[in-house]
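Close look at the chain arrangement
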Amino acid sequence: MIEFDLTIGGAPVKTARRFEVMNPATGTAAGLAPNAGLAELDAAVAAAKTAFRDWSRKPDAELQAMCEAVAAKIGEHAEELAQIITTEQGKPLNGLGSRWEMGGAAAWAGYTAGLSLPVKVLQDNAEGRVELHRKPLGVVGSITPWNFPVMIAIWHIMPALRTGNTVVIKPSPNTPLSTLRLVQIINEVLPAGVVNVVTGDDQAENLGAAMSAHPDIRKVVFTGSCATGQKVMASAAQTMKRLTLELGGNDAGIVLPDADPQAIAEGLFWGAFINNGQTCAAMKRLYVHESIHDAVCAALVEFARNIPVGDGRDETSILGPVQNRMQFDKVSRLVADAKERGTVLLGGAPGAGLFYPPTIISGLKNGDPLVDEEQFGPALPVISYSDVDAAIAAANDSPNGLGGSVWSSDPEAAKAVALQLECGSVWINKHGAIQPNAPFGGVKSSGLGVEFAEEGLAEYTDIQTVFS
Ligand code: NAD
């Protein structure tokens, strides 16, 4: 049984109550997490506020060195954290699983440590000098989901620290253990109170809601569903919090008539099924030109049927279970409905426990629930089209706008289509490949602001313009 305390003000804190965390591969308890309430949240915010005084005044080179030390710690503990992620999240150790997630976390931490936002001189002439300074905000509240618990925590924590802020992080109740351990580890190299963690079961007291309204939290960075993101935005209004909201997506992929089905099958599969489809910027709808529809479906199914699905702790597994019952029920409902409307090419029926096999269903169209709703699971709808403009319109006919992709043997033709997609990131002949030097964020209902690169770093600062 894995068990960790909260970390508040650099010290372990026990709570009167704890809650069970399940291993989704076995349905048995994997660990116990502290069930914190508003008192612990207030203590964490107070500790972060106290720590901010010194942390925010440190010379930039010192902040950078400390962030580099954090990145090194993450690298040192990568295997330990990968094991915890697999146990509570379900994703396999191998493939694009927890070891890959930890590789990403270490890489993002290291890259973000090296970023900076130097003072910009806007004017320097006989009429005067104008400088643009970037100043830290104060306490940043980070609220994370259960799909990439450590990588997303790093995406929130590192830019906050690098710019001189302090942090209170609250992970999802489904995957709190890896974040509790992550914060213990990074506290080994940080002053007390710079990063604090609270966990709760979202039942009697909802810590995320309390954070969004907390008067001493100056910014919330939230990754999760659109519905919760809207609640965060509403309650943040009272205190004029800065917000970064990375919300849900319903990314479309468009395969143009000149694409080579065999060449793109593997990329299509991983674009859709990475982390069992439980990925914000996974391909969740695939539009294929009618002339190659059957060939693309055949190549995709052929690739997908050879992927080993099993307990993530088994070194041979490449996909694991769905993470939680609510998500499993959602996928089951959407697939059951889609079976009535289209043709099941692969999978299509729930497995044991929370296992759901990779499922591909053709013959669907916009308006069908599996096409319109974010399934966030291993079920891909394929839609045949005859006219590219109509496919672009169908792809854009969604309240979401996180990512998109175009697949073609002609990269320039693909780019011309890509530029017409209403989404924050668009890929050609791949999908979902994010990187720390490129801003990432959603348009329309998929979010507000961006993460990564200098643009993402700037979101953790206020501008102060100095005229002299
Ligand atoms: P969720 O919205 O249910 O939960 C996210 C977090 O919000 C959890 O920590 C939860 O405890 C907390 N929370 C619950 N109620 C709250 C409230 N009232 N106020 C503030 N916080 C509250 O999302 P989830 O099911 O954990 O994650 C899946 C969703 O996240 C999907 O829609 C997915 O697309 C999205 N997501 C987006 C990105 C991105 O970068 N855009 C990345 C990963 C996941």
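Residues numbered from 1 in each chain as written. Predicted model: local features only at pLDDT ≥ 70, side-chain atom pairs only at ≥ 80, totals over all residues. Heavy atoms only, no water.

1. Topic: the pattern of salt bridges
Enumeration over the complete set of coordinates arrives at 24 salt bridges. In this structure, the salt-bridge partner of arginine 162 is aspartate 60, at a minimum N-O distance of 3.0 Å. Of this pair, arginine 162 sits in helix H5 (residues 149–162) while aspartate 60 sits in helix H2 (residues 60–76); the two residues are 102 residues apart in sequence, bridging distant segments of the chain. Using a relative accessible area of 2% as the deciding quantity, one classes arginine 162 as buried. Judged by relative accessible area, aspartate 60 falls into the partly exposed class, the value being 43%. Between aspartate 311 and arginine 313 there is a salt bridge, with its nearest N and O atoms 3.0 Å apart. Here arginine 313 falls in the partly exposed class, since its relative accessible area comes to 38%. (Salt bridge = Lys/Arg side-chain N within 4 Å of Asp/Glu carboxyl O. Helix = DSSP H or I, 4+ residues; strand = E, 2+ residues; numbered from the N terminus. Buried < 20%, exposed > 50% of the residue type's maximum accessible area, 1.4 Å probe, protein only.)

2. Considering the site of the ligand
Taken together, 31 residues sit near the ligand, with Thr144, Asp202, Ser225, Leu247 and Glu374 positioned nearest. In this structure, leucine 247 approaches the ligand through a main-chain N or O atom, which is 2.7 Å from a nitrogen atom. In the model, an oxygen atom of the ligand is placed 2.6 Å from a nitrogen or oxygen of the glutamate 374 side chain. Summarising the interface, the protein chains cover 90% of the accessible area of the ligand, which totals 860 Å² for the free molecule. According to the grid-proximity analysis, the pocket containing the ligand is the largest pocket. Among the elements of the structure, helix H7 (207–213), strand E11 (219–223) and helix H8 (226–236) are those that each provide at least two residues to the shell around the ligand. Tallied by class, residues from the shell around the ligand come to 14 nonpolar, 12 polar and five charged. Both domains that furnish three or more residues to the shell around the ligand are identified here as domain 1 (2–247 + 443–467) and domain 2 (251–428). (Near = heavy atom within 4 Å. Polar contact = N/O pair within 3.5 Å; in protein donor to acceptor, adjacent residues only side chain to side chain. Areas by Shrake-Rupley, 256 points an atom, 1.4 Å probe, with all protein chains shown as cover. 1 Å grid on protein atoms, 1.4 Å probe; cavity = no way out; pocket = protein on both sides within 12 Å on 5 of 7 lines; lining within 4 Å. Sits in = over half its atoms within 2 Å of the grid points. Nonpolar A, V, L, I, M, F, W, Y, C, P; charged D, E, K, R; others polar. Domains from an automatic or database assignment.)

3. A short note on the sheet that holds strand E4 (residues 18–23)
Overall, mixed pairing links the three strands, which are arranged E1-E5-E4 in an open sheet. Only two strands of the sheet have a single partner each, and these edge strands are strand E1 (2–3) and E4. Pairing of E4 with strand E5 (residues 28–34) involves six bridges; the strand directions are antiparallel. The partner of asparagine 23 across the bridge, within E5, is threonine 28. Of the strands in this sheet, E1, E4 and E5 are in contact with helix H3 (residues 78–89), which crosses E4 at around 90°. Packing against the sheet, helix H6 (residues 177–187) makes contact with E1, E4 and E5, and its axis sits at approximately 45° to E5. (Pairing = 2+ DSSP bridges. Contact = heavy atoms within 4.5 Å. Axes fitted to C-alpha atoms, helices over the stretch in contact; angles between N-to-C directions.)

4. Some remarks on the environment of alanine 234
Among the structural elements, alanine 234 can be located in helix H8. Sequence separation between alanine 234 and alanine 213 is 21 residues; the distance between their C-alpha atoms is 9.1 Å.

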